[in-house]
Structure formats: structure tokens, C-alpha cells
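Listed here are the chains, written in short residue letters.
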Amino acid sequence: MNSRPAPFDELDRKILTALMANARSSFPEIGAAIGLSATAVKRRVDRLREAGVITGFTATVKPSALGWRTEAYVEVYCEGAAPPRRLAEVVRNHPEITAAMTVTGGADALLHVRARDVQHFEEVLERIRTEPFIRKTISVMVLSHLLPDSPEAGASHAAPEDAADVR
């Protein structure tokens, strides 16, 4: 992958917009919409993928269809300075954490957690809190999504098969 940002023009932007709206759009469909041949669209998509502008294609799935009916954001406060790579190791061990990032402000990290129900969420939270460098957590439960078509309202991967067996 190229580390330099690839220059792209208005046609590339239109292709990206079409793919973000529906990643299953065919090259002929996109080409017809923006005035290019299917071959030209494919060449541009290949170039955008090679340049790292397009990083993948995915399906957005309704979380409740996968058994995730409870959702929360968890602020994590660490003792001392926990390196981001250590935090990353920890969150990888919790399949219910669907996104995690280090943040500015009082908290050291913010976790997006999905669970079957409140009891499952509480179990996940307790597992997170067992990490020796985690001083405290503050959780905020999601009640509803004000932008239901946003990526945060969907899931980019299935619930792990072993998540139902967590006790």
C-alpha cells in the first residue's frame, strides 16, 4: 500500500459515494450513473484500492438480528500511562467490544460494547475491570440511534459464537 494520499478527482469522489451507499453496486451501474464505462470505473476502483483509499467492502447488519440487543459506550480510566498497544491487546480479548479508541480528555480510552442484554453487558464490564491497570470505567447505555442509517447503528461483524456461552 502506498503511504502517500492518492490524488483523486470528482469522478473518483462519485465512485466512492456510490460504493459507500451500496458496496454491491456493479461497475456498469456506477459507470452509467456518472458517465464512465464499466472498465474505466474498475480501473479507478482498483487504483483507489491500491492507494489505500478503499480499504474493503462490508455488509452492515442489524445488531439485534445477531443477538446484540444492548449497546453501551464505556470510558476507561487507567492507572498511570497505559500504552495504546496494551489497551489494544485487552480489547481484542473481548469479542463484545466492537470499536475501541484512545481519546483526549479525562478518559484514556472509549469502548463501544454490544451485548445480548444488560446482564451480559454487566459480565463484559466486570471482565474489562479485572485488568490490573484499569482504575475505573464509566458506562453510558444507548437508548436509541438518532441517525439509524449511520454505521454505528449497524454491525460490521457477526456476534461471536462463544459470546452466548459467556458466564
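The shown structure was predicted, so the numbers you read here are calculated from the model rather than taken from an experiment. (Residues numbered from 1 in each chain as written. Predicted model: local features only at pLDDT ≥ 70, side-chain atom pairs only at ≥ 80, totals over all residues. Heavy atoms only, no water.)

A.B. asks: Explain the packing of helix 2 (residues 27–34) against helix 3 (residues 38–50) residue by residue, including any values.
C.D. replies: The N-to-C vectors of helix 2 and helix 3 enclose an angle of 105°; their axes lie 8 Å apart at closest approach. Compared by their axis directions, helix 2 and helix 3 come out roughly perpendicular. Packed against helix 2, whose contacting residues are Phe 27, Pro 28, Ile 30 and Gly 31, the element helix 3 presents Ala 38, Val 41, Lys 42 and Val 45 at the interface. Residue classes in the contact of helix 2 with helix 3 are distributed as six nonpolar, one polar and one charged. (Axes fitted to C-alpha atoms, helices over the stretch in contact; angles between N-to-C directions. Helix = DSSP H or I, 4+ residues; strand = E, 2+ residues; numbered from the N terminus. Parallel < 35°, antiparallel > 145°, perpendicular 65-115°, else oblique. Contact = heavy atoms within 4.5 Å. Nonpolar A, V, L, I, M, F, W, Y, C, P; charged D, E, K, R; others polar.)

A.B. asks: An account of the environment of Glu 29 is needed here, citing residue identities and associated values.
C.D. replies: Within the fold, Glu 29 resides in helix 2. Sequence-wise, Glu 29 and Ala 18 are eleven residues apart; in three dimensions their C-alpha atoms are separated by 9.4 Å. For Glu 29, the side chain forms a polar contact with the main-chain nitrogen of Ser 26, separated by 2.8 Å. (Polar contact = N/O pair within 3.5 Å; in protein donor to acceptor, adjacent residues only side chain to side chain.)

A.B. asks: Residue-level account of the pairing of strand 3 (residues 109–115), with values.
C.D. replies: Summarising burial for strand 3: six of the seven residues are buried, a large majority. Strand direction decides the pairing type here: strand 1 (residues 70–78) and strand 3, joined by seven bridges, are antiparallel. Bridge pairing links Val 76 to Ala 109 in strand 3. Where strand 2 (residues 97–102) and strand 3 come together, five bridges link them in antiparallel fashion. Paired with Ile 97 across the two strands is Val 113, which belongs to strand 3. (Buried < 20%, exposed > 50% of the residue type's maximum accessible area, 1.4 Å probe, protein only. Pairing = 2+ DSSP bridges.)

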